[in-house]
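These are the residues of each chain, in order.
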Amino acid sequence: MSTLPTRQSHREPVGRPGATAKPRGRRRSTLSDKPVFRRDIHGLRGLAVLLVVLYHVFVGRVSGGVDVFLFVSAFFLTGTFLRRWERGQPTAPLAYWARTFKRLLPPAAAVIAVFLLLTWLVAGPQTVLAELPHAMASLAQVENWFLIGQSVDYYAASRERAPLLQHFWSLSIQAQVFILLPALFALISHLTRRIPAHRRTRARFSLTTIALLLLFAASLLWSALSTASQQEIAYFDTTARLWEFCLGALVAVALHHRGGRGLAVFAQRPALSAAVSYTSVAALVAMGAVVDVAGLFPGLIALWPLTAAALVMTTGHNRLLASRPFQFLGDISYGLYLIHWPLLIVMLASRAQTRLPLTAGMLVVAVSLIAAWLLTRFVDSPIRHWEWAGARPIRGAAVTAAALLIGFGATTAVERGAASQVAAQEALAFANNPGAQTLKPGYEPHPQRDPSAPELPGPAARPDRWFELPDECTDGFRIDLDFPGLICRTRVSDRVPMDDPASRPAGEKLVLYVGNSRLQQSAAAIEPLAEAEGWNSAELIKTGCAFGNRVDAAGNFGHECAPFADRGLEYILKVRPDAVVMATTFVTLDGKEVVSPGTETIIDRLEAEGIRVIGLRDTPRLGAHAGKCRESGGSVDDCTEPLQAALQGERADRALADRKSVHLVDLTADFCPRGTCSPVLGNVTVFQDQHHVTKEIARSASWDAERQLKESGFRW
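Residues numbered from 1 in each chain as written. Predicted model: local features only at pLDDT ≥ 70, side-chain atom pairs only at ≥ 80, totals over all residues. Heavy atoms only, no water.

## A closer look at the overall build of the chain
How we decide: Each helix corresponds to a stretch of at least 4 residues labelled H or I by DSSP, and each strand to a stretch of at least 2 residues labelled E; elements are numbered beginning at the N terminus. Under the scheme applied here, a residue whose accessible area is under 20% of the maximum for its type counts as buried, over 50% as exposed, and between as partly exposed, the area being computed with a 1.4 Å probe on protein chains only. In short, Shrake-Rupley with a 1.4 Å probe defines the accessible areas, and a residue's cover is counted only from the protein chains shown.
Broken down by element type, the chain carries 25 helices and 15 strands. Within the chain, the fraction of its 716 residues that count as buried is 55%. Entry remark: accessible area of the chain is about 29,800 Å², with carbon and sulfur atoms responsible for 59%.

And the structure:
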């Protein structure tokens, strides 16, 4: 998982802190002149990745292995610069970055390209399209920040199967720290450049220790606080993980004067050294099994595995970790980490499961080991030992750039191919994916229907298939609200004055969709009608806030829902649409249908302004995630649920039907016909997640929306 020195590089002679280029007088110890290759530390990183693999495949819990790997990475990184200082060599961070990323990126790019193609073949184009943003972020070494964006993004919360490249979060953090720490060492070198040579190295060691201690303390404090308040963000936050690297770097400083050997206290007591070392290994292995720490990382609990790893290092030797099996694991550790996770995800997709049985899990582990060896043997090692590329930093940078170009190029090619395939499928959806059209009286299958056509969008499709208009709001369509999950988009002709939409020509009609993400999906049933009639469209969506509600879906007062209700009404009056589409009922999380307290007030105001209201009945909620049910191997019948009782009777806002400006539309029977909610209807996926229908099923119900609007007296 990290770029680490080769075994030979650990045998380079180094001095102790403060040593001069030419020894003066008698040396007190020759230990620092004879650094050793610590086979047990090499095995420790192999053990760390093995724990990650086994816990991912069989347990589904945090093992602490990733934290140990980051810790070991910092240990070796720091040792590289300490040796350069002792030999009187320049810090040369540019050379380090070129050498490091020359090795890291080619295997990563290869794995990303191969598994994108494999996912396309196994799970289809819809699924692989969902993985492309992760591929781009992983290549750019910012996957952790991308995941943070998703962790606070309401629209990402519905994903049940983890992203194919999610494991790149730790590689991204590692890459970012691999830039930060060398820059820190370069700064320390610059600050100490005028110190006399015989005191310069010791001064650099002292400043390094102080800087690392300060960063360690600040990051650990932030990690503890952030984990307690926003663990889903802290888990991927580089600043909340920085202390783990700093601890590894501090251990490197502590052991450097002994040539990498253990501390003297253990060297003089072999029995104590062995007891502490093996106990530490046992503590590291047992942590994830003894305590479910998933919600506690990367806070103080991470001190458990890192303390165990630090004790293994400082005791000096561990025969178990120095054995051949762990040396092999250490050799292939980077490749093993790269490969095991996407292979697991592809296997889950191919079996339509969320957990693998024992035999399938063992197969994933075995194939991961073999593939990791092949990746190491034919990609990683040749590039790492490529003399031409390593001779000059510019050549290493060129190899890095080439790997990025290949990775981004492959990702772009997959995107174009998969998007083209999806477009072809959607172009034939009228025949192969009729959805709610099958409920239309007199429906007959299309003559060109292909019985083997794939379901759209599919149970494992990307979870970001939200109904959205094509353009961002600009000028007069903007709303002055800065909330997460706020969406403002338009589809307007060039005859609409963007600076003042309300002054548009009389023939330029405008429909405005206002509400939460559930309304957003249902709006897909109205938009084809508006577009066919030549109307312009705009949407103002705030996730989690039904328009008019001053509380969120759980019934809690939302500090964003109340302003959205007030400012949303102001926005309507500013753009003055000819019709507003909003949900006039709300289905609570416990299955009750209510009329939002602010709904009638809003309608009164709109009616006074001559603005008509299309009142949609809120959509059903599922008791269990239909997609998850099917991914777990359930059939369509197994995953079918009865419609909520509250939606089987008359709608809660039926009194609004008496108002001339209100036109009610109820699509419940299009989503859950005959009182049952099936995950598939007319070869179209009905539910995107527990709380949202797909935009595809809503669009297929536009015929029913049109019928109900006509019956209510609405005229476009």
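Continuing now.
## Notes on the environment of Ala523
This is how the line gets drawn: Any pair of residues with heavy atoms lying within 4.5 Å of one another is described as a contacting pair.
Tracing the backbone shows Ala523 in the loop between helix H18 (517–522) and helix H19 (527–532). In this structure the C-alpha to C-alpha distance between Ala523 and Glu539, which are 16 residues apart in sequence, comes to 9.1 Å. Beyond its immediate sequence surroundings of up to four residues, Ala523 is in contact with Phe467 and Tyr513.

## Concerning the state of the cysteines
Cut-off, in case you're wondering: Any two cysteine sulfur atoms within 2.5 Å of one another count as a disulfide.
Taken as a whole and judged by the stated rule, the model has three disulfides. Paired by a disulfide, Cys473 and Cys488 hold their sulfur atoms 2.0 Å apart. Because the sign of the S-S torsion sets the handedness, a value of about -85 degrees for the bond joining Cys473 and Cys488 places this disulfide among the left-handed ones. Of this pair, Cys473 sits in the loop between strand E1 (471–472) and strand E2 (486–491) while Cys488 sits in strand E2, placing them 15 residues apart in sequence. Across the pair, Cys488 and Cys473 agree in class, each one buried. Each sulfur in the disulfide pair Cys545 and Cys561 lies 2.1 Å from the other. On the sign convention where negative means left-handed, the S-S torsion of about -80 degrees between Cys545 and Cys561 marks this disulfide as left-handed. Of this pair, Cys545 sits in the loop between strand E4 (536–542) and helix H20 (561–575) while Cys561 sits in helix H20, and the two are 16 residues apart along the sequence. Taken individually, Cys545 and Cys561 each receive the classification buried, so the pair is uniform in this respect.

## Observations regarding the packing of helix H1 (residues 39–59) against helix H14 (residues 358–384)
For clarity, the threshold we go by: The convention used is that axes are lines fitted to C-alpha atoms, helices contributing only their stretch in contact, and that angles between N-to-C directions extend from 0 to 180 degrees. Every angle not falling under 35 degrees, over 145, or within 65 to 115 is termed oblique; those three ranges are roughly parallel, roughly antiparallel and roughly perpendicular. By definition, any crossing whose near helix is turned counterclockwise from its far helix by less than a right angle is left-handed, and any crossing with a clockwise turn is right-handed.
Where H1 contacts H14, the axes come no closer than 9 Å and their chain directions differ by 155 degrees. Put simply, H1 runs roughly antiparallel to H14. Considering how the two elements wind past one another, H1 and H14 form a crossing that is right-handed. Side by side, H1 and H14 meet where Val53, Leu54, Val57 and Phe58 of the first sit next to Leu358, Gly361, Met362, Val364 and Val365 of the second.

## Quick look at the nonpolar core
Side chains of a nonpolar character, in soluble globular proteins, are inclined to be buried together. The line we're drawing: Remark: nonpolar core denotes a set of buried residues (Ala, Val, Leu, Ile, Met, Phe, Trp, Tyr, Cys) joined through side-chain atoms within 4.5 Å.
Formed by 111 residues in total, the largest nonpolar core has its most connected members in Leu44, Phe71 and Met313. For this core, the element with the highest residue contribution is helix H2 (residues 65–86), accounting for 13 residues. If near-sequence neighbours (up to four positions away) are discounted, Leu44 is found in contact with Val68, Val72, Leu284, Ala309, Val312, Met313 and Leu321. Residues Ala436, Ala523, Val684 and Phe714 belong to the second largest nonpolar core, which totals 40 residues.

## Re the pairing of strand E10 (residues 662–665)
Formally: The pairing criterion is simple: DSSP has to find at least two bridges between the two strands.
Every second residue of E10 is oriented toward a common face, with Val662 and Leu664 on one face and His663 and Val665 on the other, all of them buried. Alignment of strand E8 (residues 612–616) against E10, held across four bridges, turns out to be parallel. Looking at the pairing, Leu616 lines up with Val665 of E10.

## Section: the pattern of salt bridges
Note the following rule: Throughout this description, the term salt bridge denotes a Lys or Arg side-chain nitrogen within 4 Å of a carboxyl oxygen of Asp or Glu.
This model, assessed by the stated rule, comprises 25 salt bridges. The salt bridge partner of Arg38 is Asp40, with a shortest N-O separation of 2.9 Å. With a closest N to O distance of 2.5 Å, Arg651 and Asp653 form a salt bridge. Using a relative accessible area of 9% as the deciding quantity, one classes Arg651 as buried. A cluster of three or more residues bridged by salt bridges with shared partners is formed by Asp67, Arg241 and Glu244.

## Things to note about the packing of H1 against helix H11 (residues 303–315)
Between two packed helices, what matters for the description is the angle formed by their axes and the separation of those axes. Note the cut-off: Throughout, the ten residues Ala, Val, Leu, Ile, Met, Phe, Trp, Tyr, Cys and Pro are labelled nonpolar, Asp, Glu, Lys and Arg are labelled charged, and all others, Gly among them, are labelled polar.
Look at H1 against H11: their axes get within 9 Å of each other, and the N-to-C directions meet at 160 degrees. What the angle tells us is that H1 and H11 run roughly antiparallel. Seen along the crossing, H1 lies across H11 with a hand that is right-handed. Contacts from Asp40, Ile41 and Leu44 in H1 reach Ala309, Val312 and Met313 in H11. Among the residues making up the contact of H1 with H11, the classes are represented as five nonpolar, no polar and one charged.

## So, H1
For an α-helix, the turn length of 3.6 residues means that residues three or four places apart are oriented alike. The condition is simple: To estimate how far a helix should reach, multiply one less than its number of residues by 1.5 Å.
When the terminal C-alpha atoms of H1 are compared, their 29 Å separation across 21 residues agrees well with the 30 Å that a helix rising 1.5 Å per residue should span. A large share of H1 lies buried, amounting to 16 of its 21 residues. Directly after H1, the chain includes Gly60, whose backbone phi takes a positive value near 75 degrees.

## Thoughts on the side chain of Ser138
Within the secondary structure, Ser138 is located in helix H4 (residues 125–139). Looking at Ser138, the relative accessible area reads 0%, which means it is buried. Sequence-distant contacts of Ser138, that is, excluding residues within four places in its chain, are made with Ile112, Glu143, Leu165 and Phe168.

## Focus: the packing of aromatic side chains
Stated formally: Note on aromatic contacts: the rings of Phe and Tyr and the six-membered ring of Trp form a pair at centre separations within 6.5 Å, being stacked when their planes are under 30 degrees apart, edge-to-face when over 60 apart, and tilted otherwise.
Within this structure, the stated rule accounts for 17 aromatic pairs. Measuring from centroid to centroid gives 5.1 Å for Phe81 and Tyr96, while their planes differ by 55 degrees, and the two rings are tilted. With Phe81 in helix H2 and Tyr96 in helix H3 (residues 93–123), the pair connects residues that are 15 residues apart, well separated along the chain. For Phe81, a relative accessible area of 1% corresponds to the buried category. Centroid distance Tyr96 to Phe178: 6.4 Å. Interplanar angle 75 degrees. Geometry classified as edge-to-face. With a gap of 82 residues between them, Tyr96 in helix H3 and Phe178 in helix H6 (residues 168–191) connect regions that are remote in the sequence.

## Topic: the sheet that holds strand E5 (residues 579–583)
Ordered in space as E1-E2-E4-E3-E5-E8-E10, the seven strands form an open sheet in which the pairing is mixed. Two strands lie at the open edges of the sheet, namely E1 and E10, each paired on one side alone. Strand direction decides the pairing type here: E2 and E4, joined by six bridges, are antiparallel. Directly across from Arg489, in E4, lies its bridge partner Glu539. Seen against the sheet, helix H21 (residues 599–608) touches E5, E8 and E10 and runs at an angle of roughly 175 degrees to E5.

## Concerning the side chain of Asn433
Selection rule: Counted as a polar contact is a pair of N or O atoms within 3.5 Å, where, for protein atoms, one must be capable of donating a hydrogen and the other of accepting one, and residues adjacent in sequence contribute only when both atoms are in side chains.
Structurally, Asn433 is set in the loop between helix H17 (429–432) and E1. Of the polar contacts made by the side chain of Asn433, one reaches the backbone oxygen of Pro454; its length is 3.0 Å. Other than its neighbours up to four places away in sequence, Asn433 contacts Gln425, Leu428, Pro454, Glu455, Leu456, Gly682, Asn683 and Val684.

## Details of a nonpolar patch on the surface
How we decide: A patch consists of residues whose relative accessible area exceeds 30% and which take part in no salt bridge; residues with like charges are grouped when within 9 Å of each other, and nonpolar side chains (Val, Leu, Ile, Met, Phe, Trp, Tyr) when within 5 Å.
Together, Leu187, Leu191, Leu207, Ile210 and Leu214 make up a nonpolar patch on the protein surface, roughly 490 Å² of accessible area in all. Within the residue set of the nonpolar patch, elements represented by two or more residues are H6 and helix H7 (197–234). By the element assignment, Leu191 lies in helix H6. Of the residues examined, Leu191 reaches a relative accessible area of 56% and is grouped as exposed.

## Some points on the pairing of E5
With five of its five residues buried, E5 lies for the most part within the structure. A two-sided burial pattern is seen for E5, the buried positions comprising Ala579, Val581 and Ala583 on one face and Val580 and Met582 on the other. Alignment of strand E3 (residues 510–515) against E5, held across three bridges, turns out to be parallel. Note on E5: the bridge partner recorded for Leu512 is Val580. Sheet topology places E5 next to E8; five bridges connect them, and they run parallel. Looking at E8, one finds that Met582 is bridged to Gly615.

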